Amino acid sequence: KHSLINTANDIPSEISQMQAGAVVHGYICNIIEAGCFVRFLGHLTGFSPKDKAVDRPIEKLSDVFCVGQSVRSHVLNVNAESARVKLSLQQSMCSSPDCSFIQGYFLLDQKIAALKYSGPSTSHDWVKYFGIGSLVKGEVGAIEEYGVILNFKDHPDVVGLIEHHQLGGSTVKVGSSVKGLVVDLSDGVVNLSLKPELVGSVSKDGKKKKRHRAAVLDLELREEVNAVVEIVKDSYVVLSVPEYNHAIGFAPLMDYNSQLLPQHHYDNGQCITVVVGSIPSSDPSGRLILLPKGSAQDSNISSSKRAKKKSDYKVGSLVEAEIIDIKPLEVILKFGVNLHGRIHITEVLEEDCSEHPFSKLKIGQKVHARIVAQAEHSAKTGRNLKWELSIKPSLLKADLEESTASEAELNHSINDIIRAYVVKVDAEWVWLTVSRKVMAHLFILDSSVEPSELKEFQQRYSVGQAVKGRIIGVNREKRLLRLKAFDNQCMLENIDDTQKTVSSIAEHTKEGDVIGGRIQRILPGVGGLVIQIGPHLHGRVHYTEIVDLWVPEPLSGIHEGQFVKCKVLAVSRQAEGSVRVDLSLRSRKLDDSTTCAPRFEKINDLCPGTEVKGYVKNVNPKGCFIMLSRMVEARIILSNLSDEYVENPQKDFSVGMLVQGRVLSAEPLSGKVEVSLRKSTGSKSQKLDDVSYSDLHVGDIVDGQVKRVESYGLFVTIKSSELVGLCHVSELSDEPVLDINACYKAGDMVKAKILKIDEDRHRVSLGLKESYFDSDLTDDENGNENDGGRVPMDISRAPQMSGGFNSTLVLPGPEPRASVPPLQVALDEYEGSDQEGDQKAHEIANGSEPNVKKSDRRLKEKARKQREIEISALEERALQKDIPQTPDEFEKLVRTSPNSSFVWIKYMAFLLDLADVEKARSVAERALRTINIREEEEKLNVWVAYFNLENEYGSPREVS
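Residues numbered from 1 in each chain as written. Predicted model: local features only at pLDDT ≥ 70, side-chain atom pairs only at ≥ 80, totals over all residues. Heavy atoms only, no water.

1. Digging into the overall build of the chain
Part 1 of the argument: For the chain, the helix and strand inventory stands at 23 helices and 40 strands.
Part 2 of the argument: Looking at the chain residue by residue over its 960 residues, the buried ones come to 46%. (Helix = DSSP H or I, 4+ residues; strand = E, 2+ residues; numbered from the N terminus. Buried < 20%, exposed > 50% of the residue type's maximum accessible area, 1.4 Å probe, protein only.)

Written as structure tokens, this is what we have:
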């Protein structure tokens, strides 16, 4: 590298050679987020922090520097103990005082050309033939948009290019021959000019080189001259010096440390002032090198003139300037003696003006402006000085102190309404400028509440566009504001200061706000939606708040990434510290319409009989829960799911299914709501008051449906009613039933005879034996069936309990219940022992029969079969190892096994069969005291049985 070879003697190799304040050459060996490392000789490395790498703040160092780039570094600090060197790469401190950078560029270009065009067919003659300032002749090969292409017969590898602005008014045609002046030669491309002043400077004798050298010899190093821009390249500009016979010179556009920075803009034909840096006779590249004035730091002439020009102006001065360029965000002006300044877009009009700041300005217009900030070095080349100007009417009239006081502090606050101008539009952010030193950004979801506008976010904003917004966040360290697009909701009178912000992240989101959102995730089942409403803030939409009407598929047409308009229902802080925002997508709710489908937000709004709709949340064998709104859920027990028998609730009622029913009960204190989906009117409790067990008679023949099958018998629902009776296993058939589950299943239709009615305990005993259905009882059977058909009531008198509590069981669950047949047989054995009462009931029921002999024969047959049943029951007890049949026997058993919940529950069931509820309750309490405290599962079984007992037989006070 040219810079490293030329300064090899000055590059340190040890830390002892480093001195603070020195400027040394090196190259970048690594770039990290915090800064970059500069390598010198050997392993000697220095570090430049990010804030010391460039003059102006940037986001990424990799956008300004690259690994391997040659740089000039200013040593800030040397710590020999820790072997650390702190450097600065700022162009203002490390700008090159000479023309070594551009010289190295041209030398490298010559080396590449020598390697590229070396060979037997080519020689270096073409380099001499196309020398800078020479007149050459070529043939026009093509005319393109970027210029005229020339071909040279003697040098087919070389291409000539005449840019359109270098034609000098000449008209050329394809195939014609033209003669032009060589102004630049790079990589096999020769730039020519047909300008008369350039071609005419050598047209007299055709010896440009001699005259050119004679003119160059008159130039002195560090001399300040005026030059004209002829051609603008990527790294340099080609200039002509009219004062010295239009000598061709070259000025760099960049320096070592500014190679990747934006370059200064020059226009073709622009007149600039430069300083002679090197003449062809002493320059290794053989070119005239000219340096912009800002880089000529050692020029006493230029520096003194610059100081003189600057001394005439200071902050607060009023100047008359001419507009030379209007850009989207700034106006460029010139004033004084070749001084330039800019007017930021926010320094034109007052804040309350609605028109565009640049609408009345035009190029060439002269304006009066006030200097509001000192000249800043351009980050591109470091040579141009640009003053910050303002033409605000208030500043033109104000004093110097008043004009600068507003810049000292960031005096913006939350909820202020401001006007800003678009600088850049990203995928999700709009970056805006509020003033020269204050920026703002607008998030996509804060730009509008309408989904159609959010979808066209990037198309709605253009650079320089004015945006009015409300401040919702202030970062004073970064001098950065966060805005929300101004609309009707941003009016200050609508901002409720009494609402306490739940969190700083959601401080601008309040209950009742209508905001824009984007669907982030669709939760499975009836989980609802997750909506993004801010850069780091999300809200939840309940399943019932997605659409206005009750529809079967509320998620139809919803997809992730979709923009939506939503209303904030509530903002709260959860226990773990996160913020919960509840939203609604119901458009009628957004408009506060009263025609919206009702959602019951409070249990107090519900009363028995109210018609409600909801979505099934979950289903279990005992029923399901439905969602009436985001705040209220209701339970539907199995018996209330349908007028028909429901065998598998999970199959018939899927999660998310829309159902309609009526409220049975609502308890605001406990938060419990009971709903029924049955079509029949009135609740069970109302029907109980209208129906008496006197409507049923012993001996009636009824039709029924098997509700549940247990090991000890069947539970049968009497047809056309909700009465449930029990048919003991001994009453199923005249023959012994070995496997009850093989003979019957839930849902089977059966014909049964009423054997016994216990109105006090609301129990009906049934029999299914074929011997009960004699052909002589056909007339009675029809009448009794009609009587039974008039009874539509459940036997349990507990309308809010699930179907599982309709039996006399007190066991904790179905598995223990099925495994303890003796506990369930006790009731029917007790009922079976009272056969004489049954016989008397039959006699009373059949006393009006004309044929007494037939009745006596039936009673005798029944007595014989009943005796057989008693014998089989005794045999069954013997087979089951003599299960206790008296309280004393149970007392012996519980003393033997005091920690067995199975024994205690059998004892409780035995006492319930004897209708001794108080004694069973005392046994349960005694069991809880007796069972060892370590036997948690045993205690739990007793507790469950105790709860079932209270549910079935307890009579709580009204206040409870």
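There's more to say after this.
2. A look at the sheet that holds strand 39 (residues 749-758)
The strands that make up a sheet pair up through hydrogen bonds in the backbone, lying either parallel or antiparallel.
Part 1 of the argument: Reading around the circumference, 36-37-38-40-39 is the order of the five strands in this closed barrel, with mixed pairing throughout. When strand polarity is set aside, the average angle formed by the axes of neighbouring strands in this sheet is 50°.
Part 2 of the argument: Across six bridges, the pairing between strand 36 (residues 701-710) and strand 37 (residues 713-718) is antiparallel. Each residue of the ladder has a partner; that of E710, found in strand 37, is G713. (Pairing = 2+ DSSP bridges. Axes fitted to C-alpha atoms, helices over the stretch in contact; angles between N-to-C directions.)

3. Some points on the sheet that holds strand 29 (residues 563-573)
Part 1 of the argument: Pairing in this closed barrel of five strands is mixed, and the strands run 26-27-28-30-29 around the ring. Going across the sheet, the axis of each strand differs from the next one's by a mean of 50°, ignoring polarity.
Part 2 of the argument: Bridge count between strand 26 (residues 514-522) and strand 29: five bridges; the pairing is antiparallel. Bridge assignment links I515 to a residue of strand 29, and that residue is C566.

4. Points about the pairing of strand 13 (residues 247-252)
Part 1 of the argument: Where burial is concerned, most of strand 13 is hidden: six out of the six residues are buried.
Part 2 of the argument: Alternating residues of strand 13 divide into A247, G249 and A251 and I248, F250 and P252, and every residue in both groups is buried.
Part 3 of the argument: With six bridges connecting them, strand 12 (residues 236-241) and strand 13 associate as antiparallel partners. Among the inter-strand pairings, L239 is bridged to a residue of strand 13, identified as G249.

5. Re helix 22 (residues 917-930)
Part 1 of the argument: Taking 1.5 Å per residue, 14 residues should reach 20 Å; helix 22 reaches 20 Å between its end C-alpha atoms and fits that length.
Part 2 of the argument: Within helix 22, burial applies to A920, R921, V923, A924, A927 and L928. When helix 22 is viewed along its axis, its buried side chains cluster within an angular range of 160° and face the same direction. Those residues of helix 22 that are exposed and aimed more than 90 degrees away from the buried face are E918 and R929.
Part 3 of the argument: In the core, the buried residues of helix 22 are packed alongside helix 21 (901-913) and helix 23 (936-953).
Part 4 of the argument: Its side-chain oxygen at 3.2 Å from the backbone nitrogen of K919, D916 defines the N-terminal cap of helix 22. (Expected span 1.5 Å × (residues − 1). Arc of directions from axis to C-beta. Contact = heavy atoms within 4.5 Å. Polar contact = N/O pair within 3.5 Å; in protein donor to acceptor, adjacent residues only side chain to side chain.)

6. Some thoughts on helix 20 (residues 887-896)
Part 1 of the argument: Within the span of helix 20, buried status applies to F890, E891 and V894. An end-on view of helix 20 places all buried positions within 105° of arc, on one side of the element. Exposed residues on helix 20 whose side chains face more than 90 degrees from its buried face are D888, K892, R895 and T896.
Part 2 of the argument: At its buried positions, helix 20 is contacted by helix 21 and helix 22.

7. Concerning the pattern of salt bridges
Part 1 of the argument: A full pass over the atoms with the stated rule returns 25 salt bridges.
Part 2 of the argument: R287 is the partner of D184 in a salt bridge, and the nearest nitrogen-oxygen pair spans 3.0 Å. Residue D184 is located in strand 9 (residues 177-186), and its partner R287 is located in the loop between strand 14 (271-278) and strand 15 (289-292); the two are separated by 103 residues in the primary sequence. The burial state of D184 is the same as that of R287; both residues are buried.
Part 3 of the argument: Among the salt bridges present, the one from R482 reaches D446, with a minimum N-O distance of 2.7 Å. Taken together, the residues R482 in strand 25 (residues 480-485) and D446 in the loop between strand 23 (439-443) and helix 10 (451-455) connect sequence positions 36 residues apart. The residues R482 and D446 share a single accessibility class, namely buried.
Part 4 of the argument: Residues joined by salt bridges that share partners form a network here, namely R580, D582, E601 and R630. (Salt bridge = Lys/Arg side-chain N within 4 Å of Asp/Glu carboxyl O.)

8. What about a nonpolar patch on the surface?
Part 1 of the argument: On the surface, a cluster of nonpolar side chains totalling about 330 Å² of accessible area is made up of L940, W943 and F947.
Part 2 of the argument: Its place among the elements puts F947 in helix 23. (Patch = residues over 30% accessible without salt bridge, like charges linked within 9 Å, V, L, I, M, F, W, Y side chains within 5 Å. Areas by Shrake-Rupley, 256 points an atom, 1.4 Å probe, with all protein chains shown as cover.)

9. A word on the packing of helix 20 against helix 21
Part 1 of the argument: Contact geometry for helix 20 and helix 21: axes closest at 10 Å, N-to-C directions at 165°. Relative to helix 21, the element helix 20 lies roughly antiparallel. Between helix 20 and helix 21 the crossing geometry is left-handed. Contacts from P887, F890, E891, L893 and V894 in helix 20 reach V903, W904, K906, Y907 and F910 in helix 21. (Parallel < 35°, antiparallel > 145°, perpendicular 65-115°, else oblique. Left-handed = near helix turned anticlockwise from the far one by under 90°.)

10. Brief notes about the side chain of S96
Part 1 of the argument: Structurally, S96 can be placed in the loop between helix 2 (91-94) and helix 3 (100-116).
Part 2 of the argument: Of the residues examined, S96 reaches a relative accessible area of 5% and is grouped as buried.

11. Concerning the packing of aromatic side chains
Part 1 of the argument: Enumeration over the complete set of coordinates arrives at 16 aromatic pairs.
Part 2 of the argument: Plain terms: the ring middles of F106 and Y236 are 5.0 Å apart, the flat faces sit at 70° to each other, and that makes the pair edge-to-face. With a gap of 130 residues between them, F106 in helix 3 and Y236 in strand 12 connect regions that are remote in the sequence.
Part 3 of the argument: The buried category is assigned to Y236, whose relative accessible area is 3%.
Part 4 of the argument: The cationic tip of R287 hangs over the ring face of F250; the distance from NZ or CZ to the ring centre is 4.7 Å.
Part 5 of the argument: Of note, R708 hangs over the ring of F715, and the distance from its end group to the ring centre comes to 4.6 Å. (Phe/Tyr/Trp six-rings, centres within 6.5 Å; stacked < 30°, edge-to-face > 60°. Lys NZ or Arg CZ within 6 Å of the ring centre and 35° of its normal.)

12. Quick word on the side chain of S48
Part 1 of the argument: For S48, the location among the structural elements is in strand 3 (residues 45-49).
Part 2 of the argument: In this structure the side chain of S48 is engaged in a polar contact, spanning 3.4 Å, whose partner is the backbone oxygen of L87.
Part 3 of the argument: Apart from the residues lying within four places of it in its own chain, the contact partners of S48 are A34, G35, C36, A53, L87, S88 and L89.

13. Quick look at the confidence of the model for the chain
If pLDDT is low for a region, its predicted coordinates should not be looked at in detail.
Part 1 of the argument: Model confidence for the chain is summarised by a mean pLDDT of 78, while 78% of its residues fall at 70 or above.
Part 2 of the argument: Overall, residues 378-383 carries pLDDT values under 50, and its contacts beyond four positions in sequence, including any with other chains, amount to 22 contacts.
Part 3 of the argument: Taken as a whole, residues 488-503 scores under 50 in pLDDT and shows 22 contacts with residues more than four places along the chain or in a different chain. (pLDDT = per-residue confidence, 0-100.)

14. With respect to the pairing of strand 14
Part 1 of the argument: For strand 14, a buried count of seven out of eight residues is recorded, marking the element as mostly surrounded by other parts of the structure.
Part 2 of the argument: Relative to strand 14, strand 11 (residues 224-232) is paired through five bridges, and the arrangement is antiparallel. Among the inter-strand pairings, A227 is bridged to a residue of strand 14, identified as I272.
Part 3 of the argument: The sheet contact formed by strand 14 and strand 15 spans four bridges and is antiparallel. What sits directly across from V274, in strand 15, is P292.

15. Looking at the environment of L4
Part 1 of the argument: Its location among the elements puts L4 in helix 1 (residues 2-6).
Part 2 of the argument: For L4, a relative accessible area of 22% gives the class partly exposed.
Part 3 of the argument: Separated by 21 residues in sequence, L4 and H25 place their C-alpha atoms 6.6 Å apart.
Part 4 of the argument: Those residues within four positions of L4 in sequence are excluded, and the remaining contacts are I11, H25, G26 and Y27.

16. Things to note about the environment of Q562
Part 1 of the argument: Along the chain, the position of Q562 falls in the loop between strand 28 (538-541) and strand 29.
Part 2 of the argument: Sequence spacing of Q562 and R521 is 41 residues, and the spatial spacing of their C-alpha atoms is 10.0 Å.
Part 3 of the argument: With sequence-adjacent residues up to four places away left out, Q562 is seen in contact with G517, R518, I519 and G557.
Part 4 of the argument: Of note is the side chain of Q562, whose polar atom sits 3.2 Å from the backbone nitrogen of H559.

17. Some remarks on the packing of helix 21 against helix 23
Part 1 of the argument: Following both chains from N to C, one finds helix 21 and helix 23 inclined at 15°, their axes separated by 9 Å at the closest point. Comparing their axes, helix 23 and helix 21 come out roughly parallel. Classified by chirality, the crossing of helix 23 by helix 21 is right-handed. Contacts between helix 21 and helix 23 involve S901, F902, I905, M908 and L912 on the former and, on the latter, E938, N941, V942, A945, Y946, L949 and Y953.

18. Points about unusual backbone geometry
What you tend to see is this: most non-glycine residues have negative phi, and most peptide bonds are trans.
Part 1 of the argument: Even without being glycine, N415 reaches a positive phi, approximately 75°.
Part 2 of the argument: Take N415: it is sitting in the loop between helix 9 (400-405) and strand 21 (417-425).
Part 3 of the argument: The phi angle at R479 is positive, at roughly 55°, despite the residue not being glycine.
Part 4 of the argument: Its place among the elements puts R479 in the loop between strand 24 (466-475) and strand 25.
Part 5 of the argument: Residue classification places R479 among the partly exposed positions, given a relative accessible area of 24%.

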